[in-house]
Amino acid sequence: MGLFGSETLHSISLKNIRIGSLPGLRALLRGMYRSPAVQSEIMGLSFENPVGMAAGMDKKGSNISNWENVGFGWIEIGGVTFHPQDGNPKPRMFRSGKHSALINRMGFNNPGSEAMAAHLAKLKSKAKWASIPVGINLGKSKNTPNDEADMDYAGTMERLWDFADLFVVNVSSPNTPNLRELQAGSELDRILTACNDVNQRLAKDTGAKQKPILVKISPDLADDQIKVIADTALSLNCSGIVATNTTTSRPAEGGVMNQTGGLSGSPLRARSTEVVRVLYAHTDGKLPIVGVGGISDVESAWEKIAAGASLLQLYSALVFEGPGVMKIINKGLNRKLKEHGYKSLSEAVGHAHRS
Ligand SMILES: Cc1cc2nc3c(=O)[nH]c(=O)nc-3n(C[C@H](O)[C@H](O)[C@H](O)COP(=O)(O)O)c2cc1C
């Protein structure tokens, strides 16, 4: 596949995933992935298996009820911004088969929080919802200056609060100018405080529980910066960290690698595992970590769990390996747990730090 057309091919594969929505077939497919050993309870939510769909794959929430049929244990839809936006001009997604990597500069193309709320309400009313946990990825509108970012994130969260089982505050996309500056302690503090206020208020008003709020970080931070973010997250009662987003670094020069944007897939694997390791060590395993970056098989999934991830996500591997990859990973995780004598996934989390 050449340089162009990656985004078009991507929408075709999204349509194929809908095949799994045929009645009967759905229950059959889901049964194939079920195994008690990979189930877990984290952040007050139940996960049938740890493998989640990473943000960006279903930006508009077009396919919410069907992802579980291909074996995902949870999904994160979005990124959604307060205002609707088109994102960057196409082409904006590129693929390197040689490196099993994608480079994207989508720039948060999404319908915006208001349209998204209306769409999600319609899906819920028609019972076209997922039975697995649904996270919503919160981005910042391009036109909102960084010093008003707190209101942008919290405003989107308020509009979408009813629909999410958890929220991810994404301050790490490389494709919105200066977004990653929001990872600095004081900026992040302001954003999380605003989101916490909305969370507390809506929980009180509705009688529901507060929703877990996680922060998604960049692999391009220095380890010291990662530790500061972990401290900020802990001090503001954040529920966890998603590590990591895409990187602006490149494994090689030339061709597709010269495209501007965030790189995902295999070349990201080692650094994102290292970020998980740093986070786990710094927080003594007290802060749940979602490991994401270059997971494409059981070894890369197990590596993230060993480093300290309780949950996983993938995006690029779905493009390169196809939807069979979730089943392969979950079966393999089951096997790994048995081989190591762990009764559950939670026992295995962070084991590299103990051996
Ligand atoms: C086309 C594309 C769009 C993405 N959009 C988002 C997004 O909106 N929000 C976000 O937090 N991450 C986004 N990501 C990053 C992924 O969620 C994930 O962190 C990254 O791809 C690393 O995982 P992978 O190596 O399994 O692909 C996007 C990734 C790709 C390839």
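Structure shown above.
All of these numbers come straight from a predicted model, not from anything done at the bench.

(A) Fine view of the overall build of the protein. Assigned secondary structure in the protein consists of eleven helices and 13 strands. For a compact globule of 355 residues, the expected C-alpha radius of gyration is about 20 Å, and the protein comes in at 19 Å, within 12% of that figure. Seen through its C-alpha atoms, the protein measures out along the principal axes to roughly 50 × 45 × 45 Å. Per-residue burial over the protein gives 57% buried out of 355 residues. Look at the contacts in the protein between residues 6 or more apart in sequence, and 73% of them connect residues 24 or more apart. Carbon and sulfur atoms make up 52% of the accessible area of the protein, which totals about 14500 Å². Taken together, the 40 basic and 33 acidic charged side chains of the protein have centroids lying 8 Å from each other.

(B) Structural context of the site of the ligand. In the vicinity of the ligand, 25 residues are found, and the nearest of them are Ala55, Lys216, Gly265, Gly294 and Ser316. Between the ligand and Lys59, the relevant distance is 3.1 Å, taken from an oxygen atom to a side-chain nitrogen or oxygen of the residue. Taking Asn245, its side chain carries an N or O atom lying 3.5 Å from an oxygen atom of the ligand. Across the complex, the protein chains shield 98% of the 620 Å² of accessible surface that the ligand would expose by itself. When its residues are assigned to classes, the shell around the ligand shows ten nonpolar, 13 polar and two charged.

(C) Molecular detail of the sheet that holds strand S12 (residues 289–292). One closed barrel accounts for eight strands, arranged S3-S4-S7-S8-S9-S10-S12-S13; its pairing is parallel. Averaged over all pairs of adjacent strands, the angle between their axes in this sheet comes to 25°, without regard to strand direction. In this sheet, strand S13 (residues 311–314) lies alongside S12 in parallel orientation, the contact comprising three bridges. Pairing of Gly291 across the sheet is with Leu312, part of S13.

(D) Up close: the packing of helix H3 (residues 113–125) against helix H4 (residues 149–160). In contact at an axis separation of 9 Å, H3 and H4 are set at 20° when each is read in the N-to-C sense. Classed by the angle they form, the pair H3 and H4 counts as roughly parallel. The two elements H3 and H4 meet at a crossing, and its hand is right-handed. Across the interface between the two elements, Ser113, Glu114, Met116, Ala117 and Leu120 from H3 touch Thr156, Arg159 and Leu160 from H4. Class assignment for the residues of the contact of H3 with H4 results in four nonpolar, two polar and two charged.

What counts, and at which threshold
- Residues numbered from 1 in each chain as written.
- Predicted model: local features only at pLDDT ≥ 70, side-chain atom pairs only at ≥ 80, totals over all residues.
- Heavy atoms only, no water.
- Helix = DSSP H or I, 4+ residues; strand = E, 2+ residues; numbered from the N terminus.
- Rg over C-alpha atoms; globule rule 2.2 N^0.38 Å.
- Buried < 20%, exposed > 50% of the residue type's maximum accessible area, 1.4 Å probe, protein only.
- Contact = heavy atoms within 4.5 Å.
- Areas by Shrake-Rupley, 256 points an atom, 1.4 Å probe, with all protein chains shown as cover.
- Lys, Arg positive; Asp, Glu negative; His and termini not counted.
- Charge placed at Lys NZ, Arg CZ, Asp CG, Glu CD.
- Near = heavy atom within 4 Å.
- Polar contact = N/O pair within 3.5 Å; in protein donor to acceptor, adjacent residues only side chain to side chain.
- Nonpolar A, V, L, I, M, F, W, Y, C, P; charged D, E, K, R; others polar.
- Pairing = 2+ DSSP bridges.
- Axes fitted to C-alpha atoms, helices over the stretch in contact; angles between N-to-C directions.
- Parallel < 35°, antiparallel > 145°, perpendicular 65-115°, else oblique.
- Left-handed = near helix turned anticlockwise from the far one by under 90°.

Read these as spatial facts, not as claims about activity.
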